[in-house]
Amino acid sequence: QVQLVESGGRLVQAGGSLRLSCAASGRDFSSYTMGWFRQAPGKEREFVARIGWHSSNTYYADSVKGRFTISRDNAKNTVYLQMNILKPEDTAIYYCATPRSPYWLGTNYPEDFGSWGQGTQVTVSS
């Protein structure tokens, strides 16, 4: 079992920046692909970004590409999401997660991820 705890969310003005953190414990952090997802009020959870064991292996949703950067520090068992040029549409609860199965095929579907953290609220004001 891996436990994930998100932090860093807060109220921020449009155009501003935030860095979210996801701290992992329970298993070898470096063995896991990690993903960030978000869920806005009244909407389904959606993929934001993911990063593989090798930090060069990253993938982003089109809606955040060029604005968000995912990174990891395996020595600290932590994944980060640097969010720049924030928009009101980015308002959501942000979650981190890891693939549910060792046979994960590189999908971005929320249902293929698990060990969800409690989430951290990001609110972007206009």
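Scoring rules and cut-offs
Residues numbered from 1 in each chain as written. Predicted model: local features only at pLDDT ≥ 70, side-chain atom pairs only at ≥ 80, totals over all residues. Heavy atoms only, no water. Helix = DSSP H or I, 4+ residues; strand = E, 2+ residues; numbered from the N terminus. Rg over C-alpha atoms; globule rule 2.2 N^0.38 Å. Buried < 20%, exposed > 50% of the residue type's maximum accessible area, 1.4 Å probe, protein only. Contact = heavy atoms within 4.5 Å. Areas by Shrake-Rupley, 256 points an atom, 1.4 Å probe, with all protein chains shown as cover. Lys, Arg positive; Asp, Glu negative; His and termini not counted. Charge placed at Lys NZ, Arg CZ, Asp CG, Glu CD. Pairing = 2+ DSSP bridges. Axes fitted to C-alpha atoms, helices over the stretch in contact; angles between N-to-C directions. Phe/Tyr/Trp six-rings, centres within 6.5 Å; stacked < 30°, edge-to-face > 60°. Lys NZ or Arg CZ within 6 Å of the ring centre and 35° of its normal.

Which residues make up the overall build of the chain, and what values go with them?
Across its full length, the chain holds zero helices and eleven strands. Over its C-alpha atoms the chain spans a radius of gyration of 14 Å, differing by no more than 12% from the 14 Å that the globule rule assigns to 126 residues. On the principal axes, the C-alpha backbone points of the chain span a range of 40 × 30 × 25 Å. For the chain, the proportion of its 126 residues judged to be buried stands at 45%. Sequence separation of 24 or more characterises 56% of the internal contacts of the chain that already satisfy a separation of 6 or more. When the accessible surface of the chain is split by element, carbon and sulfur atoms take 49% of a total near 6800 Å². Mean positive and mean negative side-chain charge positions of the chain (13 and 10 charges, respectively) differ by 4 Å.

Which residues make up the sheet that holds strand β8 (residues 78-83), and what values go with them?
With respect to topology, four strands assemble into an open sheet ordered β1-β3-β8-β7, the strand pairing being antiparallel. Sheet topology places β1 (3-7) and β7 (68-73) at the edges, where each strand pairs with a single neighbour. Going from strand to strand, the sheet's axes swing by 15° on average, the running direction of each strand aside. Relative to β8, β7 runs antiparallel, the two being bridged by six bridges. Across the sheet, the residue bridging to Asp73 is Thr78, located in β8.

Please give an account of the packing of aromatic side chains that cites residues and values.
This model, assessed by the stated rule, comprises six aromatic pairs. When the centroid spacing of 6.2 Å and the interplanar angle of 85° are considered together, the rings of Tyr95 and Trp116 count as edge-to-face. Of this pair, Tyr95 sits in strand β9 (residues 92-99) while Trp116 sits in the loop between β10 (113-114) and β11 (120-125); the two residues are 21 residues apart in sequence, bridging distant segments of the chain. What makes Tyr95 buried here is its relative accessible area of 10%. An aromatic cluster of at least three residues, connected via ring pairs, comprises Phe37, Phe47, Tyr59, Tyr95, Trp104, Phe113 and Trp116. The residue whose ring lies beneath Arg45 is Tyr95, and the NZ or CZ to ring-centre distance is 3.9 Å. Its guanidinium or amino end placed over the ring of Trp116, Arg45 lies 4.5 Å from that ring's centre, counting from NZ or CZ.

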